[in-house]
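Analysis of the macromolecular model
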Amino acid sequence: MSKILTVSLPPHIHAPGSVAACMWRVNLALLPAFGCALYFFGLGAAIVTVVSVLCCIFFEYAITRWMLGRTPHIADGSAALTGFLLALNLPSTLPVWTVIIGAFVAIGIGKMAFGGLGCNIFNPALVGRVFLLLSFPVQMTNWQLPGVDRLAYTDAATGATTLQLLKSGAVEASDIDLWNLTFGAIGGSLGEVSAVAILIGFIFLLVTKVITWHIPVSIFVGATLLSFLAGINPVIELLSGGLLLGAVFMATDYVTSPMTGKGMIIYGLLIGTITIIIRCWGAYPEGMSFAILIMNGFTPLINRCVKPKRFGAAGRAVSA
Amino acid sequence: MATFSKGGIHPPQNKITADKPIIPLALPRKVELLLSQHIGAPAKPVVVKGDKVVRGQIVAEGSAFISASVHTPISGKVTKIDTVRAANGMPATAIVIEADEEEHIADEDSRMNPSVVRSDTELEILTPEEIREIARYAGLVGLGGATFPASVKLTPPKDNIIDSLVINGAECEPYLTCDHALMREYGREVVCGAELMRRACGAGRVVIGIEDNKADAIDVISRICDEYPHISVKKLIAKYPQGGEKQLVKAITGREIKSGCLPSSVGVVVHNVATAYALYNAARFGLPVMERIVTVTGKNMSRPGNFLAPLGMRIGALIDYAGGLKDNSGKIILGGPMMGRAASNIDSPLVKGISGILILEDGESRRKAVEPCIRCARCVSVCPMGLEPYLISAYGSNRMAEDAEANGTADCIECGCCSYICPASRPLLDNIRLGKRLIAEKKRLQNK
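Residues numbered from 1 in each chain as written. Chains lettered and ligands numbered in written order. Predicted model: local features only at pLDDT ≥ 70, side-chain atom pairs only at ≥ 80, totals over all residues. Heavy atoms only, no water.

Here we look at the overall build of chain B
A tally of helices and strands in chain B yields 16 helices and 17 strands. In terms of overall dimensions, chain B is globule-like: its C-alpha atoms have a radius of gyration of 22 Å, near the 22 Å expected for 448 residues. Taken over 448 residues, chain B has a buried fraction of 59%. When the accessible surface of chain B is summed, it comes to about 17,500 Å², and 53% of that surface belongs to carbon and sulfur atoms. Taking the 55 positively charged and 51 negatively charged side chains of chain B as two groups, their mean positions are separated by 6 Å. (Helix = DSSP H or I, 4+ residues; strand = E, 2+ residues; numbered from the N terminus. Rg over C-alpha atoms; globule rule 2.2 N^0.38 Å. Buried < 20%, exposed > 50% of the residue type's maximum accessible area, 1.4 Å probe, protein only. Areas by Shrake-Rupley, 256 points an atom, 1.4 Å probe, with all protein chains shown as cover. Lys, Arg positive; Asp, Glu negative; His and termini not counted. Charge placed at Lys NZ, Arg CZ, Asp CG, Glu CD.)

This is the structure we're talking about:
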């Protein structure tokens, strides 16, 4: 017979998914939030995002090709996603050089130093953001007033975020306009402004089955419960700062979150509570980034301890 | 509707041949009958070169408790007993029989008019021992693909009481429709065979599980079951691997078979609908297993269908009945696309365990490039056994037999859900199977 047959092991069919499809869908889900950022912050939002995305792609390409000597896979969208997420966690007035440093830390230290895609312990975008926050606290808390001067960049008029105002005691919780919190006319990082935009992205990710409900919902539950116990308004806590953005887009990062439903719920509940602990009793007005990074560190432990229930197992599953 | 408790996938069903009737193929003039068409010891030839044999005659006898006899579907002369190439490319011993024109015509005639050897009343008074003997003599094995000798499974174990017989009509593999067509066209025979099985293993009830994508088969079987007080139909959700033995027992009885145990440990015996049908034929007409229903299908086949095919015929000839290979045919799968084995050549003979022949096109027959694991956890969520495929796969590929064993590698039913769903196209199942090998190897060395 002249025909050459392919012989391989089963299964012989494959679901129509790929790493690139997952990553680009998350990028797509970020567009509503990005649109809001453009609307409220104008030029600054555009500059920070473009610089962050391009730099992340460049650093990943450069490190993979010239330092590791491997073939770069830029088209899988993971570097672009890190850049996009980093940008949405930065203020729109951040100078270009700072964004470049953030992108380098995110990709170089947060991701490639651990071995690249799939090997990092901490969420790269958050590594970049927290590095910048600790190194350049002034620039990183320079929040542009939403919808005021859209053509301004580093020289834009600025003000405090809701959480900063609450922390300093400048306003009472009862004075806060929940409408603005929901639709975005509040100061903050690019992606933190509109709750509705993030929820649209959340629904998109759920419907396309890129993520499951476990992590975001348990973060909401954890944060709400502790807010109640601490006697603060949980609605304000959920809608302000980076909690929504973090819960939907950062904590759900595949690589750095647990592998089982139960593990995801534990991880989410703890992120929610740690965030509120930092907000209420910590030095910073916002604690989402720290909470996620802390729990990223616990993910291997959660994976080791929380095993799925085995079919036909006599008792508890044995862990290695 | 019932289903198993965890995991599972919904691959495109592609049941192209779902409403195609079962077409009996002409008997070939030459057959190659492999001695090992079942799990267990190969059969021992009882004929020699030059012997004359007649259709239905035993040519190789089961040589051990777990073994099965082989019968010839054609009359003729044994031309050789020699090594041929099996479908997996490995050498295997076969008895080659060739018929002349006269024998061929006589065979076709007797095949169309099989004589009844037992009347309805005679079937009713068969004892369990007699039913098992019929199954053993007929060389009956699990025709769903597992090919475990049926007479062994019909023997009630000493330490367990069997209360339920589960008949597998789920046919959860995409593309395959042989069981579907069988239940639609020979529902009465299937149910009657199931009743014989029930009596042989002493079960009080029989449940026939059928996926809800086979509405016509459910109708037919349900109507016939009304006449049998012990037999009922359970509609199952169409979800892969609904027909997996442990999954099916869970879906139908709610009982969970413990790790490393057989269905009999929870009082259940599982047989396939095709096996029940074959048992009926053996009891009613004295027909041994020498033919089986095979789905020959594929998106680019011109005449896909369900065929009643004699064992020992060339697989290539079977493919020709469905329109033959095309220029863009890239892979031939024996069985379904999830668990079937790729054939390395089409000149090998049909054996008892082949329920389908699937021809994939070049494009869909190649694996996608492997990407890094992004720990998306989909493999964990689809695993019907509650395992962590990403983990045990890594233990397998890193040759860590102890960790592989501790994390349940041996429980893997090799359904392939993990490899199917992985967005990074990682060969999860390949590595898990490697892990199983390593565990077996380790055990073997320890026992030395």
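Things to note about the overall build of chain A
In terms of helices and strands, chain A carries 14 helices and 2 strands. Computed over C-alpha atoms, the radius of gyration of chain A comes to 21 Å, within 12% of the 20 Å expected from 2.2 N^0.38 for 320 residues, which places it in the range of a compact globule. For the C-alpha atoms alone, the extent of chain A along its principal axes is close to 80 × 50 × 30 Å. Within chain A, the proportion of its 320 residues that are buried is 56%. Within chain A, residue pairs in contact and separated by at least 24 positions form 73% of the contacts whose partners lie at least 6 positions apart. The centroid of the 16 positive side-chain charges in chain A is displaced by 23 Å from the centroid of its 11 negative side-chain charges. (Contact = heavy atoms within 4.5 Å.)

Topic: the confidence of the model for chain B
Interpretation of the predicted coordinates at a detailed level should be avoided for regions scoring low in pLDDT. For chain B, mean pLDDT is 95; residues scoring 70 or higher make up 100% of the total. Interface confidence for the predicted complex, expressed as ipTM, amounts to 0.90; the pTM equals 0.92. (pLDDT = per-residue confidence, 0-100.)

Some words on the domain arrangement of chain B
Residues and elements named next belong to chain B. Structurally, chain B comprises domain 1 (120–285) and domain 2 (378–447). Distance from the C-alpha centre of domain 1 to the C-alpha centre of domain 2: 30 Å. Across the boundary between the two partners, domain 1 contributes 6 residues, which contact 6 residues of domain 2. Between domain 1 and domain 2, the buried area comes to about 470 Å², and carbon and sulfur atoms account for 57% of it. (Domains from an automatic or database assignment. Buried area = accessible area lost by both parts, 1.4 Å probe.)

Quick notes on a nonpolar patch on the surface
A cluster of nonpolar side chains, namely A:L206, A:W213, A:V217, A:V221, A:L225 and A:L269, defines an oily patch on the protein surface of about 470 Å² accessible area. Along the chain, A:V217 turns up in helix α10 (residues 214–230). (Patch = residues over 30% accessible without salt bridge, like charges linked within 9 Å, V, L, I, M, F, W, Y side chains within 5 Å. Salt bridge = Lys/Arg side-chain N within 4 Å of Asp/Glu carboxyl O.)

Overview of the environment of B:R55
Residue and element names in this part refer to chain B. By secondary structure assignment, the location of R55 is in the loop between β4 (52–53) and β5 (58–61). Setting aside anything within four residues of it in sequence, one finds R55 in contact with L27, T72, P73, I74, S75, D107, S110, R111, M290 and E291. Of note is the side chain of R55, whose polar atom sits 3.0 Å from the backbone oxygen of P73. (Polar contact = N/O pair within 3.5 Å; in protein donor to acceptor, adjacent residues only side chain to side chain.)

Looking at a positive patch on the surface
On the surface, B:K30, B:K49, B:K77 and B:K80 cluster together to form a positively charged patch. Taking relative accessible area as the criterion, B:K49 reaches 62% and is therefore assigned exposed.

Digging into the packing of helix α3 (residues 128–137) of chain B against helix α6 (residues 187–201) of chain B
Residues and elements named next belong to chain B. Where α3 meets α6, the closest approach of the two axes is 8 Å, and the angle between their N-to-C directions is 120 degrees. Compared by their axis directions, α3 and α6 come out oblique. In this structure, the crossing between α3 and α6 has a hand that is left-handed. Across from P128, I131 and R132 in α3, the residues of α6 making contact are L196, R199 and A200. (Axes fitted to C-alpha atoms, helices over the stretch in contact; angles between N-to-C directions. Parallel < 35°, antiparallel > 145°, perpendicular 65-115°, else oblique. Left-handed = near helix turned anticlockwise from the far one by under 90°.)

Comments concerning the sheet that holds strand β16 (residues 341–342) of chain B
Residues and elements named next belong to chain B. Spatial strand order, β1-β14-β13-β17-β15-β16: 6 strands in an open sheet with mixed pairing. The open sheet has two edge strands, β1 (22–24) and β16, and neither has a second partner. Both strand β15 (residues 329–334) and strand β17 (residues 356–361) contribute to a ladder of 5 bridges, which runs antiparallel. Opposite I333, over in β17, you have L358 as the bridge partner. (Pairing = 2+ DSSP bridges.)

A few points about the nonpolar core
The biggest cluster of nonpolar side chains holds 112 residues, and the ones touching the most others in it are A:F249 and A:I271. Excluding its chain neighbours within four sequence positions, the residues that come into contact with A:I271 are A:I219, A:A251, A:M288, A:A291, A:I292 and A:M295. Grouped together as the second largest cluster of nonpolar side chains are 95 residues, B:L165, B:V220, B:I221 and B:V296 included. (Core = buried A, V, L, I, M, F, W, Y, C linked by side-chain atoms within 4.5 Å.)

Some thoughts on the sheet that holds β4(B)
Residue and element names in this part refer to chain B. Strand order across the open sheet formed by 4 strands is β2-β8-β7-β4, with antiparallel pairing between neighbours. The open sheet has two edge strands with one neighbour each: β2 (30–34) and β4. Inspection of the sheet shows β4 paired to strand β7 (residues 76–85) by 2 bridges, in the antiparallel sense. Residue pairing across strands places K52 opposite K77, the latter belonging to β7.

A look at the environment of B:I81
All names here are of chain B. Tracing the chain through its elements places I81 in strand β7. Between the alpha carbons of I81 and A94 there is a distance of 5.7 Å; along the sequence they are 13 residues apart. In this view, I81 contacts P45, V47, V48, T93, A94 and I95; residues no more than four positions away in its chain are not counted.

Considerations on the interface of chain A and chain B
On the side of chain B, 71 residues touch chain A, which itself brings 41 residues to the contact. Summing the contributions of chain A and of chain B, the shared interface buries around 4,500 Å²; its carbon and sulfur component is 58%. On inspection of chain A and its partner chain B, the count reaches 2 salt bridges. As a salt-bridge pair, B:E388 and A:K307 come within 3.1 Å of each other at their nearest N and O atoms. At the boundary of chain A and chain B, one finds 20 residue pairs in polar contact (both at pLDDT 80 or more). Here the residues of the side of chain A that touches chain B are counted per class, giving 26 nonpolar, 10 polar and 5 charged. (Nonpolar A, V, L, I, M, F, W, Y, C, P; charged D, E, K, R; others polar.)

Section: helix α5 (residues 96–111) of chain A
A rise of 1.5 Å per residue sets the reference length of α5(A), with its 16 residues, at 22 Å; its end C-alpha atoms lie 21 Å apart and thus fit the reference within 8%. Where α5(A) is buried, its residues touch α3 (43–67), α4 (78–88) and α6 (124–135) of chain A. (Expected span 1.5 Å × (residues − 1).)

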